[in-house]
Amino acid sequence: MVDDPHKTRRQFLAIDDVSKTFDIGTDEVQALSHVNLTIDKGEFVCLIGASGCGKSTLLRIIAGFERPTSGEVSLYENAITAPGSDRGMVFQDYALFPWMTVRENIGFGPRQKKLAKKYVDEITAEYLNMVGLTKFADRFPHQLSGGMKQRVAIARVLANECELLLMDEPFGALDALTRESLQQELLDIWARTKVTVIFVTHSVEEAVLLSDRVVVMTAGPGRIEADVPITLARPREVSAIDFNQVRRDITQRLTSHVRAGAPRELKAVA
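The structure presented is a predicted model; accordingly, all values stated were derived computationally and were not measured. (Residues numbered from 1 in each chain as written. Predicted model: local features only at pLDDT ≥ 70, side-chain atom pairs only at ≥ 80, totals over all residues. Heavy atoms only, no water.)

Before going further, it helps to spend a moment on the side chain of Gln150. Take Gln150: it is sitting in helix H5 (residues 146-159). Separated by 2.5 Å, the side chain of Gln150 and the backbone oxygen of Pro170 make a polar contact. Beyond its immediate stretch of four places on either side in the chain, Gln150 contacts Val90, Phe91, Gln92, Tyr94, Pro170, Phe171 and Leu182. (Helix = DSSP H or I, 4+ residues; strand = E, 2+ residues; numbered from the N terminus. Polar contact = N/O pair within 3.5 Å; in protein donor to acceptor, adjacent residues only side chain to side chain. Contact = heavy atoms within 4.5 Å.)

To continue, consider the sheet that holds strand S4 (residues 70-75). With antiparallel pairing, four strands are arranged side by side in an open sheet as S2-S1-S4-S5. Both outer strands of the open sheet, strand S2 (27-39) and strand S5 (78-79), are each paired with one neighbouring strand and no more. The pairing of strand S1 (residues 13-24) with S4 spans five bridges and is antiparallel. For Ile15, the partnering residue across the bridge sits in S4 and is Val73. With respect to the sheet, helix H1 (residues 55-63) is in contact with S1, S2 and S4, its orientation differing from that of S1 by roughly 115°. (Pairing = 2+ DSSP bridges. Axes fitted to C-alpha atoms, helices over the stretch in contact; angles between N-to-C directions.)

Between H5 and helix H6 (residues 176-193), whose axes approach to 11 Å, the crossing angle comes to 20°. Classified by the angle their axes make, H5 and H6 are roughly parallel. The two elements H5 and H6 meet at a crossing, and its hand is right-handed. Where H5 abuts H6, its residues Gly147, Gln150, Arg151, Ile154 and Leu158 lie against Thr178, Ser181, Leu182, Glu185 and Ile189. Of the residues contributing to the contact of H5 with H6, the split by class is four nonpolar, four polar and two charged. (Parallel < 35°, antiparallel > 145°, perpendicular 65-115°, else oblique. Left-handed = near helix turned anticlockwise from the far one by under 90°. Nonpolar A, V, L, I, M, F, W, Y, C, P; charged D, E, K, R; others polar.)

A few words on the packing of aromatic side chains. Following the criterion strictly, the structure yields six aromatic pairs and no others. Here the aromatic cluster, defined as three or more aromatic residues joined through ring pairs, consists of Phe44, Phe171, Trp190 and Phe199. The lysine or arginine in question, Arg156, covers the ring of Phe97, its NZ or CZ lying 5.1 Å from the ring centre. (Phe/Tyr/Trp six-rings, centres within 6.5 Å; stacked < 30°, edge-to-face > 60°. Lys NZ or Arg CZ within 6 Å of the ring centre and 35° of its normal.)

Attention shifts here to the state of the cysteines. Simply put, disulfide is the name for a covalent bond between the sulfur atoms of two cysteines. One pass over the full model with this rule turns up zero disulfides. Cys53 supplies the cysteine sulfur nearest to Cys46, a cysteine that is in no disulfide, at a spacing of 13 Å. The exposure class of Cys46 is buried, given its relative accessible area of 0%. No disulfide involves Cys162; its sulfur sits 16 Å from the nearest other cysteine sulfur, which is in Cys46. With a relative accessible area of 10%, Cys162 lands in the buried category. (Disulfide = S-S within 2.5 Å. Buried < 20%, exposed > 50% of the residue type's maximum accessible area, 1.4 Å probe, protein only.)

Turning our eyes to something else, we now look at the pairing of strand S8 (residues 196-201). One face of the sheet, then the other: side chains in a regular strand alternate in exactly this way. Burial analysis of S8 places six of its six residues in the buried class, which makes it a mostly covered element. Of the two faces of S8, the one lined by Thr196, Ile198 and Val200 and the one lined by Val197, Phe199 and Thr201 are each fully buried. Note that strand S3 (residues 44-48) and S8 share five bridges and pair parallel. Residue pairing for S8: Ile48 is matched across the bridge by Thr201. When strand S7 (residues 164-168) meets S8, the two strands line up parallel, connected through five bridges. What sits directly across from Leu166, in S8, is Ile198.

Let us now look at the sheet that holds S8. Pairing between sheet strands relies on hydrogen bonds along the backbone, with the strands arranged either parallel or antiparallel. Spatially, S6-S7-S8-S3-S9-S10 is the arrangement adopted by the six strands of the open sheet, whose pairing is mixed. The open sheet terminates on both sides in strands that have one partner only, identified here as strand S6 (87-90) and strand S10 (224-229). For this sheet, the mean angle separating the axes of adjacent strands, direction not counted, is 15°. Sheet contacts for H1: S3, S6, S7, S8 and strand S9 (213-217); angle to S7, the most-contacted strand, approximately 150°.

Ranked by internal contacts, the top residues of the largest apolar core, which has 51 residues, are Phe44, Leu158, Leu165 and Phe199. If one sorts the elements of this core by residue count, H5 sits on top with eight residues. Sequence-distant contacts of Leu158, that is, excluding residues within four places in its chain, are made with Tyr127, Met130, Leu165, Ile189 and Val195. Listed in part, the 27 residues of the second largest apolar core include Leu32, Leu37, Ile39 and Cys53. (Core = buried A, V, L, I, M, F, W, Y, C linked by side-chain atoms within 4.5 Å.)

Worth remembering: the numbers are spatial, not functional.
Okay, here's the thing in structure tokens:
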């Protein structure tokens, strides 16, 4: 939980007093300010906040793509200083290799590990089946719909046997029906694999639907405004009274500090 270091047991993921400042031209822009958060293995956590609050910056630091200006992020008490196969990231724009088939994209990580071809084929087949794309294994990304591309992106990360799945608004560019379908598929995959998920979204409804906890970030510089446990039973119904009570509470937390925020100078570091 926020500002709770859990020193009595080995942590899965710990974000300790992380701040991040970017130099943009002659200006210094502070994207994150003294962020403290711990996440347990197997949790599904959503990060939510206004554009420019530093959600994506925090995700990139956890992934190892960025280094914090101060503070530290650690996995199993080992500091994260670079990307690693224990963490996988799924982007809104899919980031697939266009010259590779669906099968080749999903098997990329295992091949890079120099695993035996038989094992690579077994892993690839398992995740092709998990995301329902076995019949499309030999197609190229340009031959797929947006939802299918995102399924490939998720399967490619999972095939690399990551322990932490980082998702940066992965369904933001999809139509409502496809988004709803992939939300349910993601929950099914999470239940089957027990992978830990950190999911960035602008949608309060999506955050409440998916997560065990919703972490609300201030408008900027990014700080933890609230860490809200979601205790609603699964599966969740977005039209239910208790669901909408939780959604209203989180929305109020968001709007209260967005009105007081100054996002203009932080838009470049969302």
